[in-house]
Amino acid sequence: MKKEPTVSVWNEFWNRKKDLKKVYPSSPSVLKAILGMGPVNGLKILEVGAGTGRDSLELAKAGAQVFILDYSEESLKIARELAMLAPENLHLVQGDAFNAPFPSETFDIVFHQGLAEHFKNPLPLLKENARLLKKGGFCLCDVPQTFHLYTVLKQILIAFDKWFAGWETQFTMPQLRKLMKNADLEVVHEYGDWMRPNLIYRILREMGLKFGIELPKYPLNKTLYQKWKDGLLDALSRCPASRYTQVCIGAVGRKNV
C-alpha cells in the first residue's frame, strides 16, 4: 500500500540532518536553472518543501524576496538559522503546500525539489503552484528519474518497508512534461543531473557516519580528474537522451493564462 509521508516522518528526518556540513545540498542544476531565467533581484520567489533552504538563501542573497513554505517544524528550524544570513529577504512560513496561505498571482517563481514524488497524485500540488504564479511566472519541479540505480534501491527498500519516507515514486521526462501540461504550465526548459559524488560513494559515506567514520563529502574536489569529469558530465547533459540516465530531472513551466 502506498503510504505518503506524514509531518512526523519529515520532522524525524530533518532532526537527523541538522548538521548541514554533513548533508549534501540539492542538485546545483536547480539553482542554475532559476538563475538562468534572468536576474532575480526584486522578484518574489517561493520554495515549497524547502528542506534545508540553501537554494532559497542563495536567491535571497541575489536580491530576491524569497519565501519558504514547509509544514515540518524541524525543516523550518534549519532554514531559520540560514535566514539570519539574509534577514531582510528570506521569510519562513509553516503551511500546507496544497493549500498555500498566499493570494493568487503572488509570485514570479515557485520551485521545489524532492517534493512532488512523495504524493500519489501530485497534480493538485502543481495546480496550486500555478495559482500562486503571476501571469508569465515560472514553476520549477525537480524529481527523481525512473531509470537509475537510485530507483532500483529505493523500490527494494520500499518493498521491505525500510524506505525513510515509507513510499516515493519517480518520473520520466515525458511524464514530468505531462504533469506540467495538465497544470496549465508550458514547459520552456528541461534539465537533469547526476549525483556528484555518485550514489555508491554517498551510501558508503552514510554507512561510515553511523560508525563514527566521516569520509569527505567531495573526495576528489578541485582535482584535475574531478574538473575533467564535471566538464564531461556537463557536456553530456546537453543531450536530451541523458535524461534517461540522470538521477534527477527537472522542468520549468511558464504560466500563460
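Scroll up a little and you will see the structure.
Here the structure is a predicted model, which means the values were calculated and not measured. (Residues numbered from 1 in each chain as written. Predicted model: local features only at pLDDT ≥ 70, side-chain atom pairs only at ≥ 80, totals over all residues. Heavy atoms only, no water.)

**Q** For this particular structure, what's the right way to read the side chain of D193?
**A** Here D193 is to be found in strand β6 (residues 185-193). In contact with D193, not counting residues within four places along its chain, are S27, P28, S29, Q246, V247 and C248. (Helix = DSSP H or I, 4+ residues; strand = E, 2+ residues; numbered from the N terminus. Contact = heavy atoms within 4.5 Å.)

**Q** How should I be thinking about a nonpolar patch on the surface in this particular structure?
**A** On the surface, L149, V152, L153, I156, F160, I200, I203, L204, M207, F211, I213 and L215 cluster together into a nonpolar patch covering about 1,100 Å² of accessible area. Among the secondary structure elements, those contributing two or more residues to the nonpolar patch are α6 (149-159) and α8 (199-210). Relative to the elements of secondary structure, I200 occurs in helix α8. Here I200 falls in the partly exposed class, since its relative accessible area comes to 46%. (Patch = residues over 30% accessible without salt bridge, like charges linked within 9 Å, V, L, I, M, F, W, Y side chains within 5 Å. Areas by Shrake-Rupley, 256 points an atom, 1.4 Å probe, with all protein chains shown as cover. Salt bridge = Lys/Arg side-chain N within 4 Å of Asp/Glu carboxyl O. Buried < 20%, exposed > 50% of the residue type's maximum accessible area, 1.4 Å probe, protein only.)

**Q** Explain the pattern of salt bridges to me, please; I cannot follow it from the model alone.
**A** Opposite charge on two side chains allows them to pair when their charged atoms are near. Tallied over the full model, the rule gives 12 salt bridges. For R131, the salt bridge goes to E128, with nearest N and O atoms at 2.8 Å. Separated by three residues within a single helix, R131 and E128 lie in helix α5 (residues 123-132), roughly one turn from each other. Judged by its relative accessible area of 26%, R131 is partly exposed. The class of E128 is buried, set by a relative accessible area of 8%. A salt bridge links R254 to E186; its shortest N-O distance comes to 3.4 Å. Of this pair, R254 sits in strand β7 (residues 248-255) while E186 sits in strand β6, and the two are 68 residues apart along the sequence. The structure contains a network of salt bridges with shared partners spanning D193, R196, D230 and D234.

**Q** Please clarify how the packing of aromatic side chains should be interpreted in this entry.
**A** Working definition: an aromatic ring pair is given by the centre-to-centre distance plus the angle between the planes. On inspection of all chains with the given rule, the structure shows 13 aromatic pairs. Ring centres of F98 and F119 lie 4.7 Å apart, and the angle between their planes is 80°; this geometry places the pair in the edge-to-face category. In this pair, F98 is assigned in the loop between β3 (90-94) and β4 (107-113) and F119 in the loop between β4 and α5, connecting sequence segments 21 residues apart. An angle of 80° between the planes, with centres 5.9 Å apart, marks the rings of Y150 and W163 as edge-to-face. Taken together, the residues span a long stretch of sequence, with Y150 in helix α6 and W163 in the loop between α6 and α7 (173-182) at a distance of 13 residues. On the accessibility criterion, W163 (13% relative accessible area) is buried. Ring pairs connect the aromatic residues W10, F13, W14, Y150, W163 and F164, which therefore count as one cluster. A cation over an aromatic ring shows up here: R202 above the ring of Y24, its NZ or CZ 4.0 Å from the ring centre. (Phe/Tyr/Trp six-rings, centres within 6.5 Å; stacked < 30°, edge-to-face > 60°. Lys NZ or Arg CZ within 6 Å of the ring centre and 35° of its normal.)

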